[in-house]
Each structure stands twice: as C-alpha cells, then as structure tokens.
Amino acid sequence: SSRVLWTLAVTQLPKFEMDYEQDPFAAPTSAVPEEAYAEQTYAYQPTLGSMNDMYSPEVAEKHSNIKAEARSQLEAFYAERATKKSAAHTLNTEREVAFKSDYEATMASPNTWERVTKFVDLAPKASASGKDLGRFRQVLLQLKNA
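Residues numbered from 1 in each chain as written. Predicted model: local features only at pLDDT ≥ 70, side-chain atom pairs only at ≥ 80, totals over all residues. Heavy atoms only, no water.

Caption draft 1: Expanded view of the packing of aromatic side chains. For the structure shown, the criterion picks out 2 aromatic pairs. On the basis of an interplanar angle of 25° and a centroid distance of 6.2 Å, the ring pair of Phe99 and Tyr103 is categorised as stacked. Taken together, the residues span about one helical turn, with Phe99 and Tyr103 both in helix α4 (residues 57-107) at a distance of 4 residues. (Phe/Tyr/Trp six-rings, centres within 6.5 Å; stacked < 30°, edge-to-face > 60°. Helix = DSSP H or I, 4+ residues; strand = E, 2+ residues; numbered from the N terminus.)

Here you go:
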C-alpha cells in the first residue's frame with residue numbers, strides 16, 4: 001500500500017526537465033585565486049595580536065585593579081546592608097513593643113465597643129468598593145458611647 005501511495009504521489013508531482021548541459025556537480029568554472037585566501041588570512045592577524053596583548057602585565061594589572069575595586073564596593077554594599085537591616089530590626093522591635101502595650105491597655109477597657117472602635121478606623125474616607133460606610137461608623141460610635 002505504501003508503494004501505491006508513493007506511485008500516486010510521484011505521478012501527481014509537477015514534471016520538470018533537467019538541463020543536462022549544466023552539471024550541478026561540476027567544478028566551478030572560475031576558480032578563486034590563492035591571493036584572495038591569503039588576504040583573508042592576513043585580515044585576522046591584527047585580531048590575533050590583540051588577543052596576545054590580553055596576557056601582557058599591564059592588562060593583568062588593570063584587571064587586578066578592577067577586581068580589587070569591585071571587591072571593595074561589594075564589601076561596602078554588604079556593610080551598608082547590614083546597617084540598614086539592624087536599624088529596621090530595631091525599629092520593628094520598638095513598634096511591636098508599642099503595639100503590644102497599646103493592645104493590652106485596650107483589652108483592659110471594660111467597654112467592649114470601645115475596644116472594637118479602637119481597632120477600626122472611623123475616619124470618613126472613600127471606600128475602595130464605592131459603598132457608603134457612614135451609617136456603619138455612626139452605629140459603632142453610638143455603641144461605644146452607650
């Protein structure tokens with residue numbers, strides 16, 4: 001069956017005629033002169049020379065200076081980062097202590113609604129959902145003052 005399919009496919013292909021006067025595998029008629037290859041070879045020699053300059057003592061010294069400067073900048077970055085990190089830790093600890101003391105004082109209050117209103121922001125502002133929460137605030141304030 002595959003042979004039948006192949007035969008059908010081959011018969012359906014458009015026919016073309018080969019021009020036998022031009023052999024696609026023949027040697028090119030115009031040979032490239034060897035001088036062109038020599039010119040291309042000499043064109044790469046300056047590149048090779050600059051690659052050899054990479055290993056000179058001046059370049060090695062320049063690279064070591066760049067590495068030393070990068071190392072010092074990295075050490076300065078880590079020192080500054082440690083300072084900022086310790087300052088943030090201290091500030092967070094102070095805020096936590098203040099919050100805990102305020103929380104304990106609020107929870108000691110005998111009025112339940114006063115405790116609730118302490119944790120709710122009652123300042124009038126635009127709601128993200130677009131709903132009016134004025135009545136809700138008013139009810140909380142009435143319960144707190146009752």
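Structure's up, so let's keep going.
Caption draft 2: Quick peek at the pattern of salt bridges. Counted under the stated rule, the structure contains 3 salt bridges. Residues Lys84 and Glu80 are paired through a salt bridge, measuring 3.3 Å at the closest nitrogen-oxygen approach. Of this pair, Lys84 and Glu80 both sit in helix α4, 4 residues apart, which is roughly one turn of the helix. Exposure remark for Glu80: the relative accessible area of 44% places this residue in the partly exposed category. (Salt bridge = Lys/Arg side-chain N within 4 Å of Asp/Glu carboxyl O. Buried < 20%, exposed > 50% of the residue type's maximum accessible area, 1.4 Å probe, protein only.)

Caption draft 3: Local environment of the packing of α4 against helix α5 (residues 112-119). Packing of α4 against α5 leaves a shortest axis separation of 9 Å and a crossing angle of 150°. Classed by the angle they form, the pair α4 and α5 counts as roughly antiparallel. Taking contact as the criterion, the partners of Asp102, Tyr103, Thr106 and Met107 in α4 are, on α5, Arg115, Lys118 and Phe119. Residues of the contact of α4 with α5, tallied by class, amount to 3 nonpolar, 1 polar and 3 charged. (Axes fitted to C-alpha atoms, helices over the stretch in contact; angles between N-to-C directions. Parallel < 35°, antiparallel > 145°, perpendicular 65-115°, else oblique. Contact = heavy atoms within 4.5 Å. Nonpolar A, V, L, I, M, F, W, Y, C, P; charged D, E, K, R; others polar.)

Caption draft 4: Summary view of a nonpolar patch on the surface. Taken together, Phe99, Tyr103, Met107, Trp113, Val116, Phe119, Val120, Leu133, Phe136, Val139 and Leu143 make up a surface patch of nonpolar side chains, about 940 Å² in accessible area. Elements represented by at least two residues in the nonpolar patch include exactly α4, α5 and α6 (134-145). When you line up the elements, Phe136 lands in helix α6. (Patch = residues over 30% accessible without salt bridge, like charges linked within 9 Å, V, L, I, M, F, W, Y side chains within 5 Å. Areas by Shrake-Rupley, 256 points an atom, 1.4 Å probe, with all protein chains shown as cover.)

Caption draft 5: Seen up close, the packing of α5 against α6. Look at α5 against α6: their axes get within 7 Å of each other, and the N-to-C directions meet at 140°. Taken together, the axes of α5 and α6 lie oblique to each other. In this structure, α5 meets α6 at a crossing whose hand is left-handed. Of the residues in α6, those in contact with Trp113, Glu114, Val116 and Thr117 of α5 are Leu140, Leu143 and Lys144. Here the residues of the contact of α5 with α6 sort into 4 nonpolar, 1 polar and 2 charged. (Left-handed = near helix turned anticlockwise from the far one by under 90°.)

Caption draft 6: Here's a closer look at the side chain of Thr106. Of note, Thr106 is situated in helix α4. When near neighbours in sequence (up to four residues on either side) are disregarded, Thr106 contacts Arg115, Lys118 and Phe119.

Caption draft 7: How the structure looks around the confidence of the model for the chain. Taken as a whole, the chain shows an average pLDDT of 76; of its residues, 60% reach a score of 70 or greater. For the chain, helix α3 (residues 45-53) is the element with the lowest average pLDDT, namely 57, and α4 is the one with the highest, namely 93. (pLDDT = per-residue confidence, 0-100.)

Caption draft 8: Summary view of the side chain of Thr117. With respect to the element layout, Thr117 can be found in helix α5. On the basis of relative accessible area, Thr117 is assigned to the buried category, the value being 8%. Within the structure, Thr117 has its side chain in polar contact with the backbone oxygen of Glu114 (distance 3.0 Å). Leave out the neighbours within four places in its chain, and Thr117 touches Leu122, Leu140 and Lys144. (Polar contact = N/O pair within 3.5 Å; in protein donor to acceptor, adjacent residues only side chain to side chain.)

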